[in-house]
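# Remarks on the overall topology
In case you want the letters, here they are:
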Amino acid sequence: MQNDSIETLLLRHYGSTAPVPVELEQKLSAVVRRETAAEYTRQQAVNRWNEQRVSRRKVLRLVTFTSAGVGVLAVGFNAIQGTTKKTAYSF
């Protein structure tokens, strides 16, 4: 059963009356390859992060720039939606 094709497994499960999906095996293989590549990339990033020594200054810089970036995105989304709120210091 380990080497059975997708069509064979579907035939066992649904019987001979079930239609075989078009290019199912190729589509599933492509999805598995993409997921494998994405997991490999994530694992490489985790390994790189775990191997590097990170100073408090770098962590603070990362948090500061990330927070500032999120703030800029929020302002941009509000401007696009036209829902900007007037603050006490705005004109």
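Cut-offs and rules
Residues numbered from 1 in each chain as written. Predicted model: local features only at pLDDT ≥ 70, side-chain atom pairs only at ≥ 80, totals over all residues. Heavy atoms only, no water. Axes fitted to C-alpha atoms, helices over the stretch in contact; angles between N-to-C directions. Helix = DSSP H or I, 4+ residues; strand = E, 2+ residues; numbered from the N terminus. Contact = heavy atoms within 4.5 Å. Salt bridge = Lys/Arg side-chain N within 4 Å of Asp/Glu carboxyl O. Buried < 20%, exposed > 50% of the residue type's maximum accessible area, 1.4 Å probe, protein only. pLDDT = per-residue confidence, 0-100. Patch = residues over 30% accessible without salt bridge, like charges linked within 9 Å, V, L, I, M, F, W, Y side chains within 5 Å. Areas by Shrake-Rupley, 256 points an atom, 1.4 Å probe, with all protein chains shown as cover.

### Notes on the packing of helix H1 (residues 6-14) against helix H2 (residues 24-51)
Where H1 meets H2, the axes come as close as 9 Å, and the angle between the chain directions of the two elements is 115 degrees. Contact with H1, carried on its side by Ile6, Glu7 and Leu10, involves Leu24, Glu25 and Leu28 of H2 and no other residues of that element.

### Observations concerning the pattern of salt bridges
Between side chains of opposite charge, a pair can form as their charged atoms come close. Summed over all chains, the structure comprises one salt bridge. Note that Arg42 and Glu39 form a salt bridge whose closest N and O atoms lie 3.0 Å from each other. Here Glu39 and Arg42 lie together in helix H2, a separation of three residues that amounts to about one turn. A relative accessible area of 40% places Glu39 in the partly exposed class.

### Examining the confidence of the model for the chain
Residues with a pLDDT of 70 or more make up 85% of the chain, whose mean pLDDT is 78. When pLDDT is averaged over each element of the chain, H2 comes out on top at 90 and helix H3 (residues 56-81) at the bottom at 77.

### Comments concerning the environment of Leu10
Counting through the fold element by element, Leu10 comes out in helix H1. For the pair Leu10 and Pro21, spaced eleven residues apart in sequence, the C-alpha to C-alpha distance is 9.6 Å. Setting aside anything within four residues of it in sequence, one finds Leu10 in contact with Gly15, Pro21 and Leu24.

### Focus on a nonpolar patch on the surface
A surface patch of nonpolar side chains, about 440 Å² in accessible area, is lined by Trp49, Val54, Val59, Leu62 and Val63. Element by element, the count of residues in the nonpolar patch is highest for H3, at three residues. Within the secondary structure, Leu62 sits in helix H3.

### Re the environment of Pro19
On the secondary structure map, Pro19 appears in the loop between H1 and H2. For the pair Pro19 and Glu7, spaced twelve residues apart in sequence, the C-alpha to C-alpha distance is 9.6 Å.

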